[in-house]
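Chain by chain, the residues run as shown.
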Amino acid sequence: LSALAAYCMPAFLALKGKRFLLILIPLVGIILARQFLGIVALGTGAILYLAVVHRMYWPVIPVVITAVLWNKYIDAPGVNYRVYVWKQAIAAFKEHWLMGAGIGHWKIVFSKPMAIDNKVWLTTHNDFLQMLFELGIGAAVIFAGYFIEVIAKATRDNAIPLMALVMIVVYSSASFPMYIAPTAMIAITWVGIITIQVKEREKLCLVIV
């Protein structure tokens, strides 16, 4: 719920007039979900959007304060557990670093309970690490190349999908939204939107030149 609301929220920024108030719907959804990661993703996206569009940088302070208080009084993300599992993923990746272990093989390789909590982790709670483990080093090259290209070519006009992309990256870094159909479809939609916008801008620049 938290990821779903967070991923949808940037779209509401494009609404005009009174319809803009509908942004309260995903905002309330994120708050009711009570997930720390949702607040961090929202805060990071808001910081980027305000910095790019309005040249406002002071929101970093209230966002950090909110995240700290949220972590202390509402929801702690279990960082120690995640870090332990991430270390296991990195160690396993080194054994198949070139071609990867194969799509879906995380559940097979890590079918036994983890020593830290005696539970089976069906995902790494880090989409990038899981894809790296399953697909190999090529996945990292593709991701890095894509993000570098998009960030280098994005402008203020791309602020909304860029905000969504940053929120997706933040959430995917400590959870598994790309392995859940609704959030994965929305994420891919945002990736498509910003890719098309950047490409169209390139074509327009070429025409002008």
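Predicted, not measured: the structure shown is a model, and the values here were computed from it.

The next subject is the packing of aromatic side chains. Here a ring pair, both rings aromatic, is described through the centre-centre distance and the interplanar angle of the planes. Taken as a whole, this structure holds eight aromatic pairs when the rule is applied. For the pair Phe-128 and Phe-147, a centre-to-centre distance of 6.5 Å together with 75 degrees between the ring planes defines the contact as edge-to-face. Of the two residues, Phe-128 is situated in helix H7 (residues 127-135) and Phe-147 in helix H8 (residues 137-153); the sequence distance between them amounts to 19 residues. Since its relative accessible area comes to 24%, Phe-128 is described here as partly exposed. Judged by its relative accessible area of 22%, Phe-147 is partly exposed. An aromatic cluster is defined as three or more aromatic residues linked by ring pairs; in this entry it consists of Phe-128, Phe-143, Tyr-146 and Phe-147.

Moving on, we come to the pattern of salt bridges. Summed over the entire model, instances satisfying the criterion amount to two salt bridges. The salt bridge partner of Glu-149 is Lys-153, with a shortest N-O separation of 3.0 Å. Of this pair, Glu-149 and Lys-153 both sit in helix H8, four residues apart, which is roughly one turn of that helix. Since its relative accessible area comes to 32%, Glu-149 is described here as partly exposed. Across the pair Glu-149 and Lys-199 runs a salt bridge, and its minimum N-O distance is 3.6 Å. Here Glu-149 is found in helix H8, whereas its partner Lys-199 is found in helix H10 (residues 181-208), with 50 residues between them in sequence. Salt bridges here are not isolated pairs; linked through shared partners, they connect Glu-149, Lys-153 and Lys-199.

Cut-off values and rules
Numbering of residues starts from 1 in every chain and runs along the sequence as written. Given that the model is predicted, a residue must reach a pLDDT of at least 70 before its local features are reported, and side-chain atom pairs must reach 80 or more before they are shown or counted; all residues, however, enter totals for whole chains, interfaces and linings. Just so you know, side-chain values use all the structure's heavy atoms and leave hydrogens and water out. Stacked, tilted and edge-to-face pairs are distinguished by plane angle, under 30 degrees for stacked and over 60 for edge-to-face with tilted covering the rest, among Phe, Tyr and Trp rings (Trp via its six-membered ring) whose centres lie within 6.5 Å. Put simply, DSSP marks the helices as runs of H or I at least four residues long and the strands as runs of E at least two long, and each gets a number from the N terminus on. Accessible area is worked out with a 1.4 Å probe on protein chains only. A residue is then buried under 20% of its type maximum, exposed over 50%, and partly exposed in between. Each reported salt bridge corresponds to a side-chain nitrogen of Lys or Arg within 4 Å of a carboxyl oxygen of Asp or Glu.

The values are spatial; any link to function lies outside them.
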